[in-house]
Amino acid sequence: MATPVKVYGPPMSTAVSRVLACLYEKNVEFELISINMSKGEHKKPEFLKLQPFGQVPAFEDESISIFESRAICRYICDKYADKGNKGLYGTNPLAKASIDQWIEAEGQSFNPPSSTLVFQLAFAPRMNIKQDKVLIRQNEEKLSKVLDIYEKRLGEARFLAGDEFSLADLSHLPNTQYLVSGTDKGNLFTSRENVGRWWDEISSRDSWKKVVDLQKGA
Ligand SMILES: N[C@@H](CCC(=O)N[C@@H](CS)C(=O)NCC(=O)O)C(=O)O
């Protein structure tokens, strides 16, 4: 029997939860290895061998290790092409390019303002860090502009890369979950008709519900 792949980091981390959602979609068995970030375990030399930037997640499959959540997800889809959701990362070059395009949009345009808002609004209060109101306002404006583009796209297609749920949609789940369920900025998504419809659909997938359950148990 194949050894389960290993994911290092807490499920509360947005980047870790992106990888977990992908593993559930692909029905790939995994072992979640706890990294205590409040004790700085992610900056220890043993962890830096797996993730040189000292961030979670790190990932191992047999003798290979990979970092960067989006790269890990692509690897999982390619390596386990015959398992679970076979279309998650497309089945031909054009479909893959379309998915890659929206994964890039997520990483380059959506993630910077949304992860700043998640940190400022959801994590800073728990960590007793003072919120930066100017930063919050600036990033809300930036995210709003990005979501206007998504609204248009999702008026043309059911999902970002076309008619099927893909890694591109999945990549948006972690930050959006925090913003919709853990902050007062959910209306950025729910007030936009197509974005709201898309969010309802992608967040009700079994794979994502399992990740949310893991986060609740964490
Ligand atoms: N681009 C990286 C980002 C990883 C990341 O920012 N991880 C955060 C938790 S969500 C972290 O480890 N923060 C601690 C630190 O940067 O020291 C990925 O997608 O894997």
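Counting restarts for each chain, with residues numbered from 1 along the sequence as it is written. Where local features are concerned, this predicted model is filtered to residues with pLDDT of at least 70; where side-chain atom pairs are given and counted, the filter is 80 or more; whole-chain, interface and lining totals use all residues. Values shown for side chains rest on all heavy atoms present in the structure; no hydrogens or waters enter the calculation.

An unreviewed UniProt entry annotates the chain as glutathione transferase originating from Castanea mollissima. UniProt lists a comment for the chain under the heading Subcellular location (unreviewed entry), and it reads "Cytoplasm, Cytosol". UniProt positions are given in the numbering used here, feature names are shortened, and annotations may be inferred rather than shown by experiment. Annotation of the chain in UniProt includes, under Catalytic activity (unreviewed entry), the sentence "RX + glutathione = an S-substituted glutathione + a halide anion + H(+)".

Right, let's talk about the packing of aromatic side chains for a bit. Aromatic rings considered in pairs are described by the distance between their centres and by the relative angle of their planes. Stacked, tilted and edge-to-face pairs are distinguished by plane angle, under 30 degrees for stacked and over 60 for edge-to-face with tilted covering the rest, among Phe, Tyr and Trp rings (Trp via its six-membered ring) whose centres lie within 6.5 Å. In this structure the tally under the stated criterion is nine aromatic pairs. Between the aromatic rings of Phe123 and Tyr178, the centroid separation amounts to 5.2 Å while the plane-to-plane angle is 55°, which identifies the pairing as tilted. Here Phe123 is found in helix H4 (residues 93–126), whereas its partner Tyr178 is found in helix H6 (residues 167–182), with 55 residues between them in sequence. With a relative accessible area of 9%, Tyr178 lands in the buried category. Look at Phe159 and Phe165: their rings are 6.1 Å apart centre to centre, the planes differ by 80°, and that puts the pair in the edge-to-face class. For the pair shown, Phe159 and Phe165 are each scored as buried. Think of it this way: any DSSP run of H or I at least four residues long counts as a helix, any run of E at least two long counts as a strand, and we number them from the N terminus. Exposed residues in this analysis have more than 50% of their type's maximum accessible area, buried residues have under 20%, and partly exposed residues fall in between, with area computed by a 1.4 Å probe over protein chains only.

A few words now on the site of the ligand. Throughout, the term near means that a residue has one or more heavy atoms lying within 4 Å of the molecule or strand in question. For the ligand, the set of nearby residues contains 13 residues, the closest of which are Lys43, Gln55, Val56, Glu68 and Ser69. Within the side chain of Gln55, a nitrogen or oxygen atom sits 3.0 Å from an oxygen atom of the ligand. Here a polar contact is recorded for every N or O atom pair within 3.5 Å, except that within protein the pair must consist of a potential hydrogen donor and a potential acceptor, and residues adjacent in sequence are included only if both atoms are side-chain atoms. Here Val56 contributes a backbone N or O atom positioned 2.9 Å from an oxygen atom of the ligand. Each accessible area is a Shrake-Rupley result for a 1.4 Å probe, and residues are judged covered by the shown protein chains and nothing else. Relative to its unbound accessible area of 510 Å², the ligand is 71% covered by the protein chains. Where the shell around the ligand is concerned, the elements lending two or more residues are helix H1 (14–26) and helix H3 (69–79).

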